[in-house]
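So you can see what is in the structure, the chains are spelled out below.
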Amino acid sequence: MPSLKEIKGRIASVNSTRKITSAMKMVASSKLHHAQVAIENMLPYEAMLEHILKTFLASDADVRSIYVAERLVNRVALIVYSSNSSLCGGFNANIIKEMQKALDDYRHLGKENIIVYPIGRKVAEKVKKLGYNIAGNYNSLADKPNAQNCRVIAQELEAMYSRGEIDRVEMIYHHFKSAGSQILTRKTFLPIDIESELTTDKERDLKSNVATREAVEYLRQRDMNQGAKRSENDAVPINDNFIVEPDIASVMNKLIPKLAHLMLYTALLDSIASEHAARMVAMQTATDNADEILRELNLQYNKSRQQAITSELLDIVGGSVN
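These figures come from a predicted structure and were not determined experimentally.

Caption draft 1: Main features of the overall build of the protein. Scanning the protein from N- to C-terminus turns up 8 helices and 5 strands. Overall, the protein shows an N-to-C arrangement of helices and strands of α-β-α-β-α-β-α-α-β-β-α-α-α. Buried positions account for 40% of the 322 residues belonging to the protein. Put simply, 80% of the contacts in the protein that link residues at least 6 apart link residues at least 24 apart. Carbon and sulfur atoms form 53% of the exposed surface of the protein, whose accessible area is close to 18100 Å².

Caption draft 2: Quick look at the pattern of salt bridges. Across all of its chains, the model carries 10 salt bridges by this definition. R279 is the partner of E275 in a salt bridge, and the nearest nitrogen-oxygen pair spans 2.9 Å. Residue E275 and its partner R279 are located together in helix 8 (residues 248-321), separated by 4 residues, close to a single helical turn. In this pair, the class of E275 matches that of R279, namely buried. What emerges from the salt-bridge pattern is a single network uniting D105, R168, E170 and R186.

Caption draft 3: The arrangement of helix 2 (residues 91-105) in detail. Helix length check: helix 2 (15 residues) gives 22 Å between terminal C-alpha atoms against 21 Å at 1.5 Å per residue, within 8%. Turning to helix 2, its buried residues number three or more, namely F91, N92, I95, I96, E98, M99, A102 and L103. End-on, the buried residues of helix 2 take up no more than an arc of 165°, which puts them together on one face.

Caption draft 4: Here's a closer look at the nonpolar core. Membership of the largest hydrophobic core comes to 50 residues, with the highest contact counts inside it found for I79, Y81, Y117, L157, M171, F189 and L264. When contributions to this core are tallied by element, the ones reaching two or more residues are helix 1 (4-58), strand 1 (76-81), strand 2 (114-119), helix 5 (147-163), strand 4 (168-178), strand 5 (181-190) and helix 8. The element best represented in this core is helix 8, accounting for 17 residues. With residues near it in sequence (within four places) discarded, F189 still touches I79, A154, L157, V169, E170, M171, A260, M263 and L264.

Caption draft 5: Quick peek at the packing of helix 2 against helix 3 (residues 121-130). Where helix 2 contacts helix 3, the two axes come as close as 10 Å, and the packing angle between them is 35°. As for the relative orientation of helix 2 and helix 3, their crossing is right-handed in sense. On helix 3, the residues touching N92, I96, M99, Q100 and L103 of helix 2 are K122, V123, K126, V127 and L130. Residue classes in the contact of helix 2 with helix 3 are distributed as 6 nonpolar, 2 polar and 2 charged.

Caption draft 6: Summary view of the packing of aromatic side chains. Applying the stated criterion to the full structure yields 2 aromatic pairs. Each ring, one from Y81 and one from Y173, has its centre 6.0 Å from the other, and the planes form 75°; the classification is edge-to-face. Here Y81, found in strand 1, pairs with Y173, found in strand 4; they are 92 residues apart in sequence, far enough to count as distant. Ring centres 5.9 Å apart and planes at 25° place the aromatic pair Y117 and Y138 in the stacked group.

Caption draft 7: Spatial organisation of the sheet that holds strand 4. Here we have 5 strands laid out as an open sheet, ordered 3-2-1-4-5, and mixed in their pairing. Taken across any chain shown, the strands that pair with only one partner, and hence form the sheet edges, are strand 3 (133-134) and strand 5. Note that strand 2 and strand 3 share 2 bridges and pair parallel. Looking across to strand 3, one finds that V116 is bridged to I134. Sitting on the sheet, helix 2 is in contact with strand 1, strand 2, strand 4 and strand 5, with an inclination near 155° to strand 4.

What counts and what doesn't
Residues numbered from 1 in each chain as written. Predicted model: local features only at pLDDT ≥ 70, side-chain atom pairs only at ≥ 80, totals over all residues. Heavy atoms only, no water. Helix = DSSP H or I, 4+ residues; strand = E, 2+ residues; numbered from the N terminus. Buried < 20%, exposed > 50% of the residue type's maximum accessible area, 1.4 Å probe, protein only. Contact = heavy atoms within 4.5 Å. Areas by Shrake-Rupley, 256 points an atom, 1.4 Å probe, with all protein chains shown as cover. Salt bridge = Lys/Arg side-chain N within 4 Å of Asp/Glu carboxyl O. Expected span 1.5 Å × (residues − 1). Arc of directions from axis to C-beta. Core = buried A, V, L, I, M, F, W, Y, C linked by side-chain atoms within 4.5 Å. Axes fitted to C-alpha atoms, helices over the stretch in contact; angles between N-to-C directions. Left-handed = near helix turned anticlockwise from the far one by under 90°. Nonpolar A, V, L, I, M, F, W, Y, C, P; charged D, E, K, R; others polar. Phe/Tyr/Trp six-rings, centres within 6.5 Å; stacked < 30°, edge-to-face > 60°. Pairing = 2+ DSSP bridges.

So, in structure tokens, the structure goes:
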């Protein structure tokens, strides 16, 4: 049995660790709030762009953009979102696992025909270790999201796709649903499936940063109830009251790249929010585990102390009798 001094040392050590994890949980909670605000600020633009595209599609617009045309895949690019730091549960491990699965799917093309855009240090290190081509250093985006930088990456990929240098682009990231739910997502960036992208579930809880099981269940039930009550506002075809210049097809060809830029930026915001949510949950779990260990150590310390006092009393009584 450890001595009282050793137990006190362990209690002090666990207390120190608990203070760190508790502080990190509060920092992650604050950063999650800022990430949720960033997503919320992006939503009006997303809603208006989707409304315009849905209206044109409802008018049976003939979309002939090069960015929607399927072709034989000989070269592929992957945009993979991770974090720059650890201590966020299985966030990075799940991303890397999904990336390796995608790389295995395209292994037959050869490493020279696969290029990876790693957004985040963790995935960049893994790609370099595996020996695949890295497009550049985008680690700063994982900490400070920037719409202009995402636009540059999207334009670079669109140019490569239009020149035939790549035939398919995929994104791997976590879609942020709520503080307690982040969905690992792998979807095609180019060629763009417009109808599929517009009908994707984009529901998010951007108000709460509570991740207890009860809160997650409450949010899930609330979303189901809201979905049952929500009336569908389907886009209607353009009628004679609208004049589109020069024509619908030309406008669609301008809007499709904007949709691609939005997809890239939205995935980045989702990934950052998911990272902070995962770190918040991980640090809360670590703090709860520390509390449990402290409870056991304090119980052990009190038992050992009581046993030592009892032994001393017995020695004193035995000495007085003798």
